[in-house]
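# Per-entry structural report
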Amino acid sequence: ASIAGWRYELADRTAIALIPRLPGMQLNLGLAEYKKARFQAAIPPLRAALLQDPRSQQARTLLGLSCYGASRFAEAVKYLEPVARLDPANAELHQVLAQSCLRAKKYPFALEQVRQLLRQNPDSAPAHMLLGQALDGLQRTHEAIAEFEAAAKVAPQEPSVHFGLGYLRWRLRQYDEAKAEFELELATDPRHAQALAYLGDIEMKRNNPEKALDLLRKAIQLRNDIRIAYLDLGAILAGQNHHEEAIAALIQAEKLDPAQPDAHLRLGRLYQATGNPAAAQREFAKLRELHQKADEDIASKMSGAPP
């Protein structure tokens, strides 16, 4: 089957090269890339297919979903919104559109989409979670917490519902409540890396470094892109005079988000303490270029493929 699919795709590419405007060829190629989850590669032929036939809802929908899969969320909104408007009963499509709006920080538009989902199904836990994310993006954090609580009441084992609730509590520095939610998430999914990382952060803040290290290392073994885990590891290891390991962890935290100042500050101080003034000055110079970023919204922490 894979050989047949490869031959089919090769034939489409050959036909496009010979006759670029042959009807249907760009759509077929884009569909083949989409089915293989090569979303970035699917975008150019699907865009060409839509230019050839602006009325093609199939090309527009696939293009929007490919943009979503490629994390090009503002473009996903652009293509999916007119399709969703024509299909108000398609809950899956409106859910992807709402997620795209959240990731593109179009929070009022996300609210509109999610409220439509809730009108169709008031007991939808995913819809309550999406509404919570939109409200949090509008800095209505207490209302966001209420929506996550509603989702947890409807479906206490919904993936990431307790993590989302815990993260919002953590941001409000309600660490006891946050810890309880992270532990509930881990009871359902012991491999939830972000819940482990934020539990580790709470233990670090409570001056339990060994307990924190264990949780943070477990989180990093599961996922290597959780910035707070590396940042906290660096802080704890520096305090224990494990300087090389601390520097490596802080460099990784810095790579994951160079615009956050805290890793630069900690690295600069660590380089100073270990007799590397030139490296320290480089970090402090970067620090002076940055302003403290706002707390990250809950939408940036929630992950998931489109339904």
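The structure reproduced in this document is the subject of the present report. (Residues numbered from 1 in each chain as written. Predicted model: local features only at pLDDT ≥ 70, side-chain atom pairs only at ≥ 80, totals over all residues. Heavy atoms only, no water.)

### Quick notes on the pattern of salt bridges
So the rule is basically this: We count a salt bridge whenever a side-chain nitrogen from Lys or Arg sits within 4 Å of a carboxyl oxygen from Asp or Glu. Each helix corresponds to a stretch of at least 4 residues labelled H or I by DSSP, and each strand to a stretch of at least 2 residues labelled E; elements are numbered beginning at the N terminus. Relative accessibility thresholds used throughout: buried, under 20% of the residue-type maximum; exposed, over 50%; partly exposed, between the two (1.4 Å probe, protein chains only).
Per the stated rule, a full pass over the model turns up 16 salt bridges. Notably, a salt bridge pairs Glu-149 with Arg-169, separated by 2.9 Å at the nearest N-O pair. Of this pair, Glu-149 sits in helix α9 (residues 141-154) while Arg-169 is found in helix α10 (residues 161-171), placing the two residues 20 residues apart along the sequence. With relative accessibility at 18%, the residue Arg-169 sits in the buried group. The structure contains a network of salt bridges with shared partners spanning Arg-47, Arg-72 and Glu-75.

### Some remarks on the packing of α10 against helix α11 (residues 175-188)
Here is the rule: The axes are straight lines fitted to the C-alpha atoms, using for helices just the contacting stretch, and the angles between their N-to-C directions are given from 0 to 180°. Under this scheme an angle from 65 to 115 degrees is roughly perpendicular, one under 35 degrees roughly parallel, and one over 145 degrees roughly antiparallel; angles in between are oblique. Note on convention: near helix rotated counterclockwise from far helix by under a right angle means a left-handed crossing. Clockwise means right-handed. We call two residues in contact whenever any of their non-hydrogen atoms come within 4.5 Å of each other.
Closest axis-to-axis distance for the α10/α11 pair is 8 Å, and the angle between their directions is 165 degrees. Viewed along their axes, α10 and α11 adopt a mutual orientation that is roughly antiparallel. The crossing of α10 and α11 is left-handed. In contact with Val-161, His-162, Phe-163, Leu-165, Gly-166, Tyr-167, Arg-169 and Trp-170 of α10, α11 contributes Tyr-175, Glu-177, Ala-178, Glu-181, Phe-182, Leu-184 and Glu-185.

### Thoughts on unusual backbone geometry
Phi is positive for Gln-139, which is not a glycine, with a value near 65 degrees. Turning to its location among the elements, Gln-139 is positioned in the loop between α8 (125-137) and α9. Residue Asn-241 is not a glycine yet carries a positive backbone phi of 65 degrees. With respect to the secondary-structure elements, Asn-241 resides in the loop between α14 (227-239) and α15 (243-256). Take Asn-241: its relative accessible area is 56%, and that puts it in the exposed class.

In short, geometric facts, not functional conclusions.
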